[in-house]
Amino acid sequence: MEKWRTSRRLLSYSSKNLFDRQAYPNFENSNYLSGSGFTYHFGRICKPFKPVLHHKQNLPTYVYTLRDCINCLRSPLERFNGNTCRVQHRYFGSMATKTQRNPMFATINSDDISHFKEILGEKNVIQDEERLLTANTDWMGKYKGSSKLLLQPRSTEEVSQILKYCNSRCLAVVPQGGNTGLVGGSVPVFDEVIINLGSMNNIISFDKVSGILVCEAGCILENLVSFLDNEGFIMPLDLGAKGSCQIGGNVSTNAGGLRLVRYGSLHGNVLGLEAVLANGTMLDILGTLRKDNTGYDLKHLFIGSEGSLGIVTKVSILTPPKLSSVNLAFLACKDYFSCQNLLLEAKRKLGEILSAFEFLDGHSMDLVLNHLEGARNPLPPSMHKFYVLIETTGSDESYDKEKLEAFLLRSMEGGLISDGVLAQDINQASSFWRIREGIAEALTKAGAVYKYDLSLPVDKMYDLVEEMRIRLGPAAKVVGFGHIGDGNLHLNISIPQYDDAILAQIEPFVYEWTSKHRGSISAEHGLGLMKANKIYYSKSPETVQVMASIKKMLDPNRILNPYKVIPPSLIF
């Protein structure tokens, strides 16, 4: 590695925090394992930096939830929708597909309230307007229901009793976890009863030999991360919303996140689950075996079905051991072609230690620097067209460090990297991830935003961004970022306020383009209400018809999360 250290292609990087220290009061108490003894910023040599012992998995995540901010800005009139019985249809977004309330569904009466109080106790039957306001509104403030009732069960048995009663009365319900979704899947459309699983937050068991965790659906992801960290393991799932999202919601939406390139999807990591069907039947498929080839593997029906087939109440999940050597590089590339070639080389040269590969364009960085409080450019003073975050995770610090350094040197000499820096302490590592994870927050602060979560061939991903910019012109700021390591593009169109004319230029073009290139209109966010009628862009009519048949069989009265996932015309 002497060539790397003396090549004069290293640039110094200030150890000053990229974010205000006041925002990270616990940095001094965190443990982190430094990726290198040098502070790197490609271009010129710098002084050695003393390694700091740490574990990446202990990093606190400072991604603030926006629900409080949105609620503070929303006027009292906007925050409450009035009498639910009068609401018979709704428009969502600017380009409206009318959603009509199914007249088959009953409305809540005093007898229903009394029955639920007998099951749950009075304090777990919520009718308070302020608390209902939060539960009725998604975190972006885009989707707003008008439910008059929030139930908080504490056990699978209570969920079963609730659903059995609701099914008998034909009361529609919407399961809710942390309410961090982006497609309107976790909030009511009309007056559906909200069943929030946040009180079911117990860790049931953990096997240190196999690494298998069994827990209730209401466990917050970050709490599971902390628990496993103390046991020497990690969650295979890592999301920007980890501080509020719940594992049941993660499973129900088949959440992807930052580590999918290393650990795969939840279809592979979830070994079993417990779910309650619409009629109250408790389905115990909570297996903890790596191999079980007896009949149909029914758990996969509930992973990604967004609570439309049953409510997930418990999960068993395979967790990998925590490895001690973690490195994080924040890099600049001159064009998207360099980003995808860098990914190819990273897979070949970093192999088994590659754990994350994320990208964002210059427009994303500009938004973060202008709208995210305390943000600093990691590569001052220049702005670049593209940025890449590469994380490696392994068990041999010296070997991993040398492997990454050699890869970065070759990539620099080959012209794939224009500039870059390696994190040397917890402040830098956290601030690098904060930039990537904070783009959604920056977009919301910038104004109105249309969000699209797409799977595309990696070589085609950014073509859509560029075509959308040409299509919309200066009227909108088109932003592209996401999980390039697994072909997941987050396409966002930022404008001062929602505009029907702009949306008419975006849709259906974005879906048609994605379908033309054999992509998916939902990579990890699900379909929810937003894309239920768009499913045909990614699935054949025959496939959707089979889905509808499964829905009708498991939920004959269609009470579970209605109007979502499957086109209502096939269900009602």
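The structure this text deals with has already been given above.
Thresholds applied
Each residue is numbered by its place in its chain's sequence as written, counting from 1. With the structure being a predicted model, the display of local features is reserved for residues of pLDDT at least 70 and the display and counting of side-chain atom pairs for 80 or more, all residues being used for whole-chain, interface and lining totals. Excluding hydrogens and water, the side-chain values take into account all heavy atoms of the structure. Under the scheme used here, helices are H or I runs from DSSP no shorter than 4 residues and strands are E runs no shorter than 2 residues, and both carry numbers assigned from the N terminus. Only protein chains enter the calculation, and the probe is 1.4 Å; a residue is then buried if its accessible area is under 20% of its type maximum, exposed if over 50%, and partly exposed in between. Contacts between residues were defined by any pair of non-hydrogen atoms, one from each residue, lying within 4.5 Å. Calculation of accessible area relied on Shrake-Rupley with a 1.4 Å probe; when residues are assessed, cover is drawn exclusively from the protein chains displayed. Two strands make a pair as long as DSSP finds a minimum of two bridges between them. Comment: axis = line fitted to C-alpha atoms, over the contacting stretch for helices; angle = value between 0 and 180 degrees taken between N-to-C directions. By convention a nonpolar core is built from buried Ala, Val, Leu, Ile, Met, Phe, Trp, Tyr and Cys residues, the set being connected through side-chain atoms within 4.5 Å. Throughout the structure description, domain borders are defined by an automatic or database domain assignment. Whenever Lys or Arg places a side-chain nitrogen within 4 Å of a carboxyl oxygen from Asp or Glu, that contact is recorded as a salt bridge. Classification of ring pairs rests on two measures: the distance between centres of Phe, Tyr or Trp rings, Trp counted by its six-membered ring, which must be within 6.5 Å, and the angle between planes, read as stacked under 30 degrees, edge-to-face over 60 and tilted in between. Whether a charge lies above a ring is judged from NZ of Lys or CZ of Arg, which has to be within 6 Å of the ring centre and within 35 degrees of the ring normal.

## Quick notes on the overall build of the chain
- Along its length, the chain carries 20 helices and 20 strands.
- Within the chain, buried positions represent 58% of all 572 residues.
- Long-range pairs, those at least 24 residues apart, make up 75% of the contacts in the chain between residues at least 6 apart in sequence.
- Of the accessible surface of the chain, which amounts to about 23,100 Å², a share of 51% is contributed by carbon and sulfur atoms.

## Focus on the sheet that holds strand β13 (residues 311-318)
- The strand order β9-β10-β13-β11-β12 describes an open sheet built from five strands, whose pairing is antiparallel. The open sheet is flanked by β9 (203-207) and β12 (282-285), the only strands paired with a single partner. Strand after strand, the sheet turns through a mean of 10° between neighbouring axes, direction not considered.
- Taken together, the four bridges between strand β11 (residues 270-276) and β12 define a ladder with antiparallel strand orientation. Looking across to β12, one finds that leucine 273 is bridged to isoleucine 285.
- Of the strands in this sheet, β9 and β10 (212-216) touch helix α6 (residues 221-231), which is tilted by about 30° from β9.

## Brief notes about the environment of proline 321
- Mapping proline 321 onto the fold places it in the loop between β13 and β14 (325-333).
- Along the backbone, proline 321 and lysine 208 are 113 residues apart, and their C-alpha atoms lie at a distance of 9.3 Å.
- Excluding residues that lie within four positions of it along the chain, proline 321 makes contacts with Gly232, Phe233 and Ile234.

## Section: the environment of isoleucine 285
- One can find isoleucine 285 in strand β12.
- Judged by its relative accessible area of 24%, isoleucine 285 falls in the partly exposed class.
- Put simply, isoleucine 285 and leucine 273 are 12 residues apart on the chain and 5.3 Å apart in space, counted from C-alpha to C-alpha.

## Things to note about the nonpolar core
- Core analysis: the largest hydrophobic core is formed by 93 residues, its most contacted members being Phe116, Leu342, Tyr452, Leu491 and Ile493.
- It is helix α16 (residues 461-472) that contributes the most residues to this core, six residues altogether.
- Two domains each provide a minimum of three residues to this core, namely domain 1 (1-15 + 324-538) and domain 3 (124-322 + 544-572).
- Excluding residues that lie within four positions of it along the chain, leucine 342 makes contacts with Leu331, Cys333, Phe357, Val388, Ile390, Phe407, Ser411, Leu416 and Ile417.
- Core analysis: the next-biggest nonpolar cluster, separate from the first, contains 28 residues, Leu213, Leu228, Phe302 and Ile303 among them.

## Examining unusual backbone geometry
- The step from proline 380 to proline 381 runs through a cis peptide bond, and the omega angle for that step is 0°.
- With respect to the helices and strands, proline 381 occurs in the loop between α12 (362-371) and β16 (386-394).
- Here the bond from glutamate 507 into proline 508 is cis, since omega is 10°, no more than 30 degrees from zero.
- Residues other than glycine seldom take positive phi values, yet cysteine 170 does so here, at roughly 60°.
- Tracing the backbone shows cysteine 170 in the loop between α5 (156-169) and β7 (173-176).
- Its relative accessible area of 13% is what places cysteine 170 among the buried residues.

## Here we look at the sheet that holds strand β8 (residues 193-196)
- Ordered in space as β5-β6-β8-β7, the four strands form an open sheet in which the pairing is mixed. Looking at which strands have only one partner, the edges of the open sheet turn out to be β5 (125-126) and β7.

## Focus on the pattern of salt bridges
- One pass over the full model with this rule turns up 21 salt bridges.
- Two residues, lysine 208 and glutamate 231, come together in a salt bridge whose shortest N-O distance is 3.1 Å. Here the residue lysine 208 occupies a position in the loop between β9 and β10, and glutamate 231 occupies one in helix α6, the gap between them amounting to 23 residues.
- Accessibility expressed as a relative area gives 56% for lysine 208, which makes it exposed.

## Some remarks on the packing of aromatic side chains
- Applying the stated criterion to the full structure yields 17 aromatic pairs.
- With centroids separated by 5.5 Å and ring planes inclined at 45°, the aromatic side chains of phenylalanine 330 and phenylalanine 432 adopt a geometry described as tilted. On the criterion of sequence distance, the pair formed by phenylalanine 330 in strand β14 and phenylalanine 432 in helix α14 (residues 426-437) is long-range, its members being 102 residues apart. By the burial criterion, phenylalanine 330 is buried, and phenylalanine 432 matches it.
- Through pairs of rings, three or more aromatic residues link up here, namely Phe105, Phe190, Tyr563 and Phe572.
- The ring of phenylalanine 509 carries the charged tip of arginine 471 above its face, separated from the ring centre by 4.3 Å.

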